[in-house]
Amino acid sequence: MSGQGVHEAAREGYSRAAETYARGRPGYPEALAGWLSQRIAPGERVLDLGAGTGKFTGLLLATGASVVAAEPVAAMREGFAAAHPGVPVIDAVADALPFEDAAFSAVCCAQSFHWFATRGALAEIRRVLRPGGSLILIWNMRDESVPWLHQLGDIMRGLAGDTPRHESGAWRALFPAEGFGPLAETQLRNEQVGPPERVVVDRCLSVSYVAALPAEEQEAVADRLRRLLAETPETADRDEITVPYVTSAYQARAI
């Protein structure tokens, strides 16, 4: 069965920037581990779909679940295998999953569902979920109620073009979805602490549509970000800064 393939921005950007992705992306709040443990029981089989370099996978493993990862970009799979050598990671796209019906108790998509938010992919996810199993969607988003982060967001939105993004909200049009119960949302506070070059510049350079740009255009983006950091009182001349995030966690039960 053939699938929809990988969006060009993801294929190009993540192939070039897998290392920057792993270095620059934030982790997840401690509270998310408890949220997951209430929804995934030890020993259950779980699919980490669009697993990237495996930044979310450790939280799934901490539940005691048996995890299988699917990631279509080869460079990301390499990063995943280095981070989680004991977890199988396969080359697969969301609308053509090589698993039997009702194979999983949960399918988790962390920072990924917006890339493949189609009716076909959702139907395929439902096929591999057992009745009563959970579709879990997770996103970390910068808290743009903070003025300088809203300015940063404006820079990034000006570069995004038509690249699928969580914040567009287009993925929400799939819900309510056939075969699933209501989509319930929980919001958790999160933050990323570290050198500005890592938590802002590397973080933004790891975004697919920036990573896909020619090198000189990427450097121009980096220069804009560094100027913003230099002009912002909360970040200027700091060796370490805190970037506030909101982690949105969603669950829909298969029915």
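Placed above this text is the structure.
Residues numbered from 1 in each chain as written. Predicted model: local features only at pLDDT ≥ 70, side-chain atom pairs only at ≥ 80, totals over all residues. Heavy atoms only, no water.

## Focus: the environment of I136
- Within the secondary structure, I136 sits in strand β5 (residues 129-142).
- Counting along the chain gives 54 residues from I136 to N190, while the straight-line C-alpha distance between them is 18 Å.
- Every residue in contact with I136, bar those within four places of it in the chain, is listed here: W35, L36, R39, I40, V107, C108, C109 and Y250. (Helix = DSSP H or I, 4+ residues; strand = E, 2+ residues; numbered from the N terminus. Contact = heavy atoms within 4.5 Å.)

## A short note on unusual backbone geometry
- Along the chain, F175 connects to P176 via a cis peptide bond; the corresponding omega equals 0°.
- In this structure, P176 sits in the loop between α6 (147-160) and β6 (184-194).
- With phi around 55°, A102 is a residue other than glycine that occupies positive phi space.

## Describing the pattern of salt bridges
- All told, the structure shown has 14 salt bridges when counted by the stated rule.
- For D154, the salt bridge goes to R157, with nearest N and O atoms at 2.9 Å. With D154 and R157 both in helix α6, this residue pair falls three residues apart, about one helical turn. (Salt bridge = Lys/Arg side-chain N within 4 Å of Asp/Glu carboxyl O.)

## Topic: the side chain of E124
- Here E124 lies in helix α5 (residues 119-128).
- The buried category is assigned to E124, whose relative accessible area is 7%. (Buried < 20%, exposed > 50% of the residue type's maximum accessible area, 1.4 Å probe, protein only.)

## Quick look at the sheet that holds strand β2 (residues 66-70)
- Within the open sheet, the seven strands sit side by side as β3-β2-β1-β4-β5-β7-β6. Their pairing is mixed. With one partner strand each, in any of the chains shown, β3 (89-90) and β6 form the two edges of the open sheet.
- Alignment of β6 against strand β7 (residues 241-253), held across eleven bridges, turns out to be antiparallel. Bridge pairing links R189 to V246 in β7. (Pairing = 2+ DSSP bridges.)

Function cannot be read off these values alone, since they describe shape.
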